[in-house]
Amino acid sequence: MNIRYSSDRWLPKLVLSPTLAASLVFVYGFILITVALSFTESRLLPNWEWAGVERYAELFDNDRFWVSAKNLAIFGTLFIGISLVVGLVIAILLDQKIRGEGFLRAIYLYPMALSFIVTGNAWKWLLNPGLGLERIVQQWGWTSFTFDWLVNPDRAIYTVVIAGVWQSSGFAMALFLAGLRGVDSEIIKAAKVDGASLPTIYRRIIIPSLRPVFFSVTLILAHIAIKSFDLVMALTGGGPGTASDVPAIFMYQFSFTRGQLGVGAASAVMMLMTIVAVMVPLMYAEARSGRER
Amino acid sequence: MNRAGRFLLYAALVSTAFYALAPMWVMLSTSLKTLDEIREGSLIAAPHAPTIEPWLKAWGTACSGVRCEGLKPFFLNSLLMTIPAVLISTLVGALNGYALTHWRFRGSDFLFTALLVGCFIPFQVVLLPMARLLGAVGISDSVFGLIFVHVVYGLAFTTLFFRNYYIGVPGELVKAARVDGAGFFTIFQRILLPISGPIFMVCVIWQFTQIWNDFLFGVVFAGSDSQPVTVALNNLVRTSTGVKEYNVDMAAAIIAALPTLLVYIVAGKYFVRGLTAGAVKG
Amino acid sequence: MASLGIHNIRKIYPNGVEVLKGINLDIADGEFLILVGGSGCGKSTLLNMIAGLEPVTEGEITIGGKRVNDLPPKDRDIAMVFQSYALYPSMSVRQNIAFGLSLRKVPKAEQEATIARVAKLLQIEPLLDRKPAQLSGGQRQRVAMGRALAREPQIFLFDEPLSNLDAKLRVEMRSEIKLLHKRLGITTVYVTHDQIEAMTLGDKIAVMKDGVVQQFGTPDEIYNRPVNTFVAGFMGSPPMNLIPATLAINDGKLCAEVTVGPTGSKRVHLPLFGFDTSTLDTLTSTGSSVLLGLRPEHLTDTGRSNGMTANLTVPVDLAEPTGADTLIFITLGGARCIARLHPTAVAGRDEVELVVDTSAAVVFDRHTQEAIAFARV
Ligand SMILES: Nc1ncnc2c1ncn2[C@@H]1O[C@H](COP(=O)(O)OP(=O)(O)OP(=O)(O)O)[C@@H](O)[C@H]1O
Ligand SMILES: [Mg+2]
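What you are looking at is a predicted structure, and each value in this text was computed from that prediction instead of being measured.

Procedures and definitions
- Residues numbered from 1 in each chain as written.
- Chains lettered and ligands numbered in written order.
- Predicted model: local features only at pLDDT ≥ 70, side-chain atom pairs only at ≥ 80, totals over all residues.
- Heavy atoms only, no water.
- Helix = DSSP H or I, 4+ residues; strand = E, 2+ residues; numbered from the N terminus.
- Buried < 20%, exposed > 50% of the residue type's maximum accessible area, 1.4 Å probe, protein only.
- Contact = heavy atoms within 4.5 Å.
- Areas by Shrake-Rupley, 256 points an atom, 1.4 Å probe, with all protein chains shown as cover.
- Near = heavy atom within 4 Å.
- Polar contact = N/O pair within 3.5 Å; in protein donor to acceptor, adjacent residues only side chain to side chain.
- Pairing = 2+ DSSP bridges.
- Axes fitted to C-alpha atoms, helices over the stretch in contact; angles between N-to-C directions.
- Parallel < 35°, antiparallel > 145°, perpendicular 65-115°, else oblique.
- Left-handed = near helix turned anticlockwise from the far one by under 90°.
- Nonpolar A, V, L, I, M, F, W, Y, C, P; charged D, E, K, R; others polar.
- Domains from an automatic or database assignment.
- Buried area = accessible area lost by both parts, 1.4 Å probe.
- Salt bridge = Lys/Arg side-chain N within 4 Å of Asp/Glu carboxyl O.

**Q** Sorry if this is basic, but what is going on with the overall build of chain B here?
**A** When you go through chain B residue by residue, the secondary structure sums to 13 helices and zero strands. The order of helices and strands in chain B, counted from the N terminus, is α-α-α-α-α-α-α-α-α-α-α-α-α. Reported as C-alpha extents along the three principal axes, the dimensions of chain B are approximately 75 × 70 × 30 Å. Per-residue burial over chain B gives 56% buried out of 282 residues. Partitioning the intrachain contacts of chain B with sequence separation of at least 6 by distance along the chain shows that 72% fall at a separation of at least 24. If you sum the accessible surface of chain B, you get close to 11400 Å²; carbon and sulfur atoms cover 68% of it.

Spelled out as structure tokens, the structure:
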């Protein structure tokens, strides 16, 4: 091949090479290092003595890890499920030639601009058992009303769901709405001519054609859920006790405050595995249906 | 649809809007109340006698950890970190997307797929080696370290945005420019850049919100002097000196959220539009 | 201005597909070369390689006798018009035309003069300050042409420049291009699907199939002496009829034996005038079956007969009036054939008498599909 002529031959490669190098070192290389660390005796400092699966054994023996895994499962399922439903429903409602649609859309979407730290603090205040929602309802006359989820170990994780859904369903709505607008209007007209009612058109024609949007929204939400760290930190701090712990907090605390690098690395590897386990089937299914289409 | 249906529709939409706005309203009104009014009044009521004391305190004198200078220094840290990181990652992403679509070579598609993995990893899996590296190079505890980290891990996203946009630009456009005598950078600057407005919007908004709102990298990699505002906010809320000042907490939270809110209000509509829009047809 | 040489050019794309399999074409300074061929046969690829937009896998390209394989597009001194026009969307028409000039550091005043000249030539003066999005298809095409004409390159490359235009505009632009070429005399390579464009514009035509040049010659050669059935079928509309026939000697004359009509029950012997019988001796002795290539205008009504023709009465399957002529569908040798008649010769008849101009026929081998004999005339 001609590498001889003109800078245009090698310039594109040169332009890409820093990114490629960064990706090789800081993504692939660092993942390998983390995996390697998880098989060593590392505690407070990296210690490259081989330890086999000891760190994983420690991890799996740790009740806190299982609590955080269970919390992630609860949070992830509810957060993704509710955000999808809320986002889709609002998008469909907004799609009915609404007056002031742009304004409403902006209102639904703005929480997306906020940091999870801000969201967490806002909801922490709203759900404050003494001064928040509980007191309003009591002031409205329902004096026996209690709402103590924030400090109730069995309920704390659900407050994370509430705040997470509040922040993310607007984003889901925006993507769904864009998808709805992309549906070929002639297909809808054809269905109307065929005598289909509006709900039927949505159920049988429009929503099925939003499949790729479902895919990308689910992917993004799953990603947010598995990484979720700041929201929990700000809202419950993982508490009460460790009741609302999630793997991201577990990883952070073991790695950076408890001097358990090996266990921290092992938990990070488990997080990566979880993402792979969620993403790969999703992408596979999407790629397959993409080919069929 | 009949009138009752229409009414229900609007009722549902408006109440959802109230639900979306409520937390912001509560934060705002709380931040303008005195502590007494907070204790006695109602959570959702507007302040009787608005005071900006909590805002001044949150900005200038509240304690975050051991420093009692409010959010101001950290807000500046965030600006110093976010602006260069957004600009660098966006520009490099644009060049990457351009090279990957209009200057393909053997393996360029594979390279793109390999870069894409960076969008999906949980950052926890790179935290430990990165902390070591930044320490070894001597830029941990500095804004430079944070800029570096945000650029490195933002590139996958910015490259993805621009690649998906530029793939819609007809290849003949670039070929025509090459026949006209333009080279790699001239074509980028004269042909591609002028039609990249929408995707630049998307990319800048995305990166700005991501980097400004980041907490994880901030808390792990920043020193006490280089903390971004999110970390400082978290510390401020957790630092208790006697009585808990909810009004100051809320004012601080709004301050930390202001830049992204502003970006969103000014340019938010371009975000969704740009995300779903294709490139210009030739 | 310069000659163009394409020698043993092969192209293998990075995905391993061999798109061009050894192309050889030579055209002289000022000639107009037409590339035709089915979709995906590699025409654009070849054009891109001449332009320097795709690296050459193997072989040599010369411009003005100089090897240019390793020259980037900007140093080859070519101008190109793309099928999609590829106008720069962010620039006005004026800037589009000036872009190549400014990159070549042409002085401002000279640029202005060139823009004025080109705009006048192509009648796009009122459009100069518009953006491409504000132009119609035909206007865009003219701007794309103007961008190429702004420079006086060694070679013009056109990739189906008229295929997005409507029929009327296409005819206008076709003669416009022909005039331009006559005036400027710049060597041109022109890709098209349209055989009328090919026949009217080209000094030379190269017919391509699957990355191989099937025939390279003048329009007359391509039309009248196609080297194989692909070329015969590709040029001409409707295409050349390929009639399954058997060669025989009848009354001491060389004949093609052909069945007539849908049932095939009738058999006729068409004398083949003007053929060099010696080339066919070996075939006729074995009674070999061939394909007799005859263009529709050589299967016509009595009004146009001459001394080298045979007469033939055939049933009409279907008649299609096109205005100037009427096309009739008939069955010869079991194959669907088309004859071109004067409208009055058909009017409501079930059977017509055709005059077959066998002196214009081509004989193809039925297995290899290659031409084995032409009439001498
Ligand atoms: N960049 C590429 N990589 C791999 N294969 C390619 C590439 N470009 C073209 N091809 C393949 O090469 C073959 C020839 O393409 P080319 O564009 O030259 O055809 P063409 O003759 O111009 O067709 P058309 O008349 O449809 O424009 C096609 O099969 C095409 O799929
Ligand atoms: Mg082509």
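**Q** How should I be thinking about the site of ligand 1 in this particular structure?
**A** Residue and element names in this part refer to chain C. Every residue close to ligand 1 is listed here: Y13, N15, V19, S39, G40, C41, G42, K43, S44, T45, E160 and H193. A distance of 2.8 Å separates an oxygen atom of ligand 1 from a polar atom in the backbone of G40. Contacts to ligand 1 include T45, whose side-chain N or O atom sits 2.5 Å from an oxygen atom. Considered on its own, ligand 1 offers 630 Å² of accessible surface; in the complex 62% of this is hidden by protein. In terms of residues, the shell around ligand 1 owes the most to one element, helix α1 (residues 43-51), which gives three residues.

**Q** Looking at this model, I keep getting lost on unusual backbone geometry. Mind explaining?
**A** Comment: phi is negative for the bulk of residues other than glycine, and the bulk of peptide bonds are trans. Put simply, S237 of chain C and P238 of chain C share a cis peptide bond, and its omega is -5°. With respect to the secondary-structure elements, P238 of chain C resides in the loop between α8 (229-234) and β11 (241-250). In this model, K97 of chain A sits at a positive phi of 50°, which is unusual for a non-glycine residue. Mapped onto the secondary structure, K97 of chain A falls in the loop between α3 (63-94) and α4 (101-109). For K97 of chain A, a relative accessible area of 74% corresponds to the exposed category.

**Q** Before we go on, may I ask you to explain the pairing of strand β7 (residues 155-159) of chain C in this structure?
**A** Along any regular strand, the residues point their side chains to alternate faces of the sheet. Residues and elements named next belong to chain C. β7 sits mainly inside the fold: five of its five residues count as buried. Across the two faces of β7 the burial is the same, with I155, L157 and D159 and F156 and F158 all buried. Where strand β6 (residues 78-81) lies against β7, four bridges are found, and the strand directions are parallel. Looking at β7, one finds that I78 is bridged to I155.

**Q** Explain the packing of helix α7 (residues 156-182) of chain A against helix α10 (residues 211-227) of chain A to me, please; I cannot follow it from the model alone.
**A** When two helices pack together, you describe them by how their axes are tilted relative to each other and by the distance separating the axes. Residues and elements named next belong to chain A. In contact at an axis separation of 10 Å, α7 and α10 are set at 160° when each is read in the N-to-C sense. Accordingly, the angle class assigned to the pair α7 and α10 is roughly antiparallel. Regarding α7 and α10, the two cross each other, and that crossing is right-handed. On α10, the residues touching S168, F171, A172, L175, F176 and G179 of α7 are V213, F214, V217, I220, L221 and I224. For the contact of α7 with α10, the class distribution of residues is 10 nonpolar, two polar and no charged.

**Q** I tried to follow the domain arrangement of chain C on my own but got confused; where do I start?
**A** Residues and elements named next belong to chain C. Each domain of chain C was delimited in the assignment, giving domain 1 (4-234) and domain 2 (241-374). Distance between the C-alpha centres of domain 1 and domain 2: 39 Å. Of the residues lining the interface, nine residues belong to domain 1; the matching set on domain 2 comes to 10 residues. Ranking the residues of domain 1 by area buried against domain 2 places Y223, R225 and T229 at the top, with a combined share of 54%. Connecting domain 1 to domain 2 are zero salt bridges. Run the count over domain 1 and domain 2 and you get four residue pairs in polar contact (both at pLDDT 80 or more).

**Q** What's the story with the interface of chain A and chain B in this structure? I'm lost.
**A** A common measure of how large an interface is: the accessible area buried when the components associate. The interface is formed by 82 residues belonging to chain A together with 82 residues belonging to chain B. Interface of chain A and chain B: buried area, both sides summed, is about 7200 Å²; carbon and sulfur atoms make up 77% of it. Where chain A meets chain B, there are zero salt bridges. There are 23 residue pairs in polar contact (both at pLDDT 80 or more) connecting chain A and chain B. With 16 residues, the single largest contributor to the side of chain A that touches chain B is helix α1 (residues 11-37) of chain A. A class-by-class count of the residues in the side of chain A that touches chain B yields 60 nonpolar, 13 polar and nine charged.

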